[in-house]
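Structural description and commentary
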Amino acid sequence: MYQENETQEAPLRGVVEKYIDEATVNSPSITEENRDNALICLLNLLKGEIDQESALIYVQSQLSTSEPAEKVISIIRTSPKPIECHVRGNSNSSISSIKNRKHHKNWTNYEDQRLLAGIYRYGIESWRRISEFVGNGRTRAQCAQRWCRVLNPAIKKAPWSEEELQNLRTLVEIHGDKNWKAISHEMKTRSDVQCRYKYFHVMKMKKVSEIKDVELKTDVNPCVICSSIENSRDHEYFTVELMSCLNSKEGDYYFDFFE
């Protein structure tokens with residue numbers, strides 16, 4: 001059994017754990033001890049403490065598949081040559097280059113592999129060097145966001161729990177509703193985009209619920225209530241929500257109120 005060097009944990013530990021999970025999800029005979037042994041072996045592989053062939057053989061013996069080891073080895077063996085960026089228009093134009101870098105491009109599997117390889121080589125904070133390693137005109141911000149919002153296995157994709165929602169509200173009270181990077185950092189398992197979207201979605205639903213309660217308990221014309229939010233950024237959202245919340249024959253009138 002391999003012994004893990006606890007003083008030098010690989011930055012891609014979560015990625016390795018994900019590889020093992022994916023490879024053993026339909027293998028009930030694989031024990032937790034098998035999984036732990038494979039994990040330690042692959043972390044030591046990333047640290048250069050064992051050779052690739054030994055890792056392949058050992059992981060195969062523990063998981064009945066060498067797929068996780070093969071994926072880790074592909075990261076290690078990634079070519080140091082960045083992906084060439086094909087600039088539209090005049091290749092000598094710095095303006096064209098800047099526009100191309102800002103142009104939205106979907107990430108490819110190979111770019112994702114290069115991003116992980118860049119993190120493996122340079123650590124989790126050296127985004128300038130990582131972006132240069134990835135190539136294809138990817139910027140520091142794009143690489144950091146791709147990791148933090150998509151590739152980082154710590155980011156949960158499951159529905160939010162009540163505990164998470166309460167934590168989100170508390171952090172917004174501390175940091176305000178603008179500093180989503182700080183909020184995400186303290187949440188640990190949700191990206192900045194997830195936090196922002198969830199918070200404003202919850203607040204919108206809360207406002208809609210309050211409007212519905214007022215409409216049910218008073219004789220106030222809902223249009224008067226709506227006027228207070230007419231100029232807010234939630235304008236279009238409330239237009240749709242009021243149509244579904246206010247069960248009235250005059251629904252068309254409420255909708256026209258905003259047009």
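Residues numbered from 1 in each chain as written. Predicted model: local features only at pLDDT ≥ 70, side-chain atom pairs only at ≥ 80, totals over all residues. Heavy atoms only, no water.

Per an unreviewed UniProt entry, the recorded name for the protein chain is Myb-like DNA-binding domain containing protein, and the organism is Tritrichomonas foetus.

**Points about the environment of P153**
Its location among the elements puts P153 in the loop between α8 (140-151) and α9 (162-175). Residues P153 and T189 lie 36 residues apart in sequence; the distance between their C-alpha atoms is 8.8 Å. For P153, the residues in contact, after removing those within four places along its chain, are G14, V15, K18 and W147. (Helix = DSSP H or I, 4+ residues; strand = E, 2+ residues; numbered from the N terminus. Contact = heavy atoms within 4.5 Å.)

**Describing the confidence of the model for the protein chain**
When pLDDT is averaged along the protein chain, the result is 78, and 68% of the positions lie at 70 or above. Low pLDDT (under 50) marks residues 2-8, which in the prediction has 19 contacts with non-local residues, meaning those over four places away or in another chain. When the criterion is pLDDT under 50, residues 224-259 qualifies, and its contacts beyond four places in sequence or with other chains add up to 44 contacts. (pLDDT = per-residue confidence, 0-100.)

**A closer look at the nonpolar core**
In terms of nonpolar packing, the biggest core is built from 36 residues, with L115 and W147 touching the most fellow members. Every element with two or more residues in this core is listed here: α1 (13-24), α2 (32-46), α3 (52-63), α4 (67-76), α6 (109-122), α7 (127-134) and α8. For this core, the element with the most residues is α2, which contributes seven residues. Structurally, this core is a two-domain feature, drawing no fewer than three residues from each of domain 1 (12-77) and domain 2 (109-151). Beyond its immediate stretch of four places on either side in the chain, L115 contacts W107, W127, I130, V134, C143, R146, W147 and L151. Residues L168, W180, I183 and C195 belong to the second largest nonpolar core, which totals eleven residues. (Core = buried A, V, L, I, M, F, W, Y, C linked by side-chain atoms within 4.5 Å. Buried < 20%, exposed > 50% of the residue type's maximum accessible area, 1.4 Å probe, protein only. Domains from an automatic or database assignment.)

**Topic: the pattern of salt bridges**
Tallied over the entire structure, the rule returns twelve salt bridges. Here E22 ties to K71 by a salt bridge, and the two come within 3.4 Å at their closest N and O atoms. Placement of the pair is E22 in helix α1 and K71 in helix α4, with a sequence separation of 49 residues. For E22, a relative accessible area of 40% gives the class partly exposed. (Salt bridge = Lys/Arg side-chain N within 4 Å of Asp/Glu carboxyl O.)

**Thoughts on the packing of aromatic side chains**
Inspection of the entire model under this criterion finds four aromatic pairs. Note on Y122 and F133: the rings are 6.1 Å apart at their centroids and 75° apart in plane angle, and the pair reads as edge-to-face. Of this pair, Y122 sits in helix α6 while F133 sits in helix α7; the two residues are eleven residues apart in sequence, bridging distant segments of the chain. Y122 sits in the partly exposed class, given a relative accessible area of 26%. Counting every residue linked through ring pairs, the aromatic cluster contains W180, Y199 and F200. The side chain of R138 reaches across the aromatic face of W107, ending 4.2 Å from its centre. (Phe/Tyr/Trp six-rings, centres within 6.5 Å; stacked < 30°, edge-to-face > 60°. Lys NZ or Arg CZ within 6 Å of the ring centre and 35° of its normal.)

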